[in-house]
Amino acid sequence: MRDFLKSHSEELEEYDENLTRLLIESITVYENRLIVEFKSGTQVEIKRK
C-alpha cells in the first residue's frame, strides 16, 4: 500500500471512488466503532467518540 501511495504523489482534493475500491477490502460497522480492512490485510479500528 505504501508503494502505491508513494507512486501517486498527487494531492487528493475530493473523494475518489476508484482509489477507494483499489485500497479498501471492507468496512464493518458496529454500534461504537468501524473496522476498515485494506486489501493489504491491514485493519484499522475507528472508535466513536
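Residues numbered from 1 in each chain as written. Predicted model: local features only at pLDDT ≥ 70, side-chain atom pairs only at ≥ 80, totals over all residues. Heavy atoms only, no water.

**Side note on the packing of aromatic side chains**
Point 1. Under the defined criterion, the tally for this structure stands at 0 aromatic pairs.
Point 2. Its end group placed over the ring of Tyr30, Arg33 keeps NZ or CZ at 4.2 Å from the ring centre. (Phe/Tyr/Trp six-rings, centres within 6.5 Å; stacked < 30°, edge-to-face > 60°. Lys NZ or Arg CZ within 6 Å of the ring centre and 35° of its normal.)

**Overview of the sheet that holds strand β1 (residues 24-29)**
Point 1. Spatial strand order, β1-β2-β3: 3 strands in an open sheet with antiparallel pairing. Among the strands making up the open sheet, the edge pair consists of β1 and β3 (43-47). Strand after strand, the sheet turns through a mean of 15 degrees between neighbouring axes, direction not considered. (Pairing = 2+ DSSP bridges. Helix = DSSP H or I, 4+ residues; strand = E, 2+ residues; numbered from the N terminus. Axes fitted to C-alpha atoms, helices over the stretch in contact; angles between N-to-C directions.)

**A short note on the environment of Ile27**
Point 1. Relative to the helices and strands, Ile27 resides in strand β1.
Point 2. Sequence spacing of Ile27 and Glu45 is 18 residues, and the spatial spacing of their C-alpha atoms is 9.8 Å.
Point 3. Other than its neighbours up to four places away in sequence, Ile27 contacts Ile35 and Val36. (Contact = heavy atoms within 4.5 Å.)

**As for a negative patch on the surface**
Point 1. A contiguous patch of negative charge, built from Glu11, Glu13, Glu14 and Asp16, is present on the exposed surface.
Point 2. Mapped onto the secondary structure, Asp16 falls in the loop between α1 (2-7) and α2 (17-23).
Point 3. By relative accessible area, Asp16 is classed as partly exposed at 32%. (Patch = residues over 30% accessible without salt bridge, like charges linked within 9 Å, V, L, I, M, F, W, Y side chains within 5 Å. Areas by Shrake-Rupley, 256 points an atom, 1.4 Å probe, with all protein chains shown as cover. Salt bridge = Lys/Arg side-chain N within 4 Å of Asp/Glu carboxyl O. Lys, Arg positive; Asp, Glu negative; His and termini not counted. Charge placed at Lys NZ, Arg CZ, Asp CG, Glu CD. Buried < 20%, exposed > 50% of the residue type's maximum accessible area, 1.4 Å probe, protein only.)

**Examining the pattern of salt bridges**
Point 1. What the rule picks out here adds up to 2 salt bridges.
Point 2. In this structure, the salt-bridge partner of Glu17 is Arg21, at a minimum N-O distance of 2.7 Å. Placement of the pair is Glu17 and Arg21 together in helix α2, with a separation of 4 residues, close to one helical turn.
Point 3. On the basis of relative accessibility, which here comes to 35%, the residue Glu17 falls in the partly exposed class.
Point 4. Its relative accessible area of 57% is what places Arg21 among the exposed residues.
Point 5. The salt bridge involving Glu45 is made with Arg33; its shortest N-O contact spans 3.8 Å. One end of the pair, Glu45, is in strand β3; the other, Arg33, is in strand β2 (residues 33-38), and 12 residues separate them in sequence.
Point 6. Judged by its relative accessible area of 43%, Glu45 is partly exposed.

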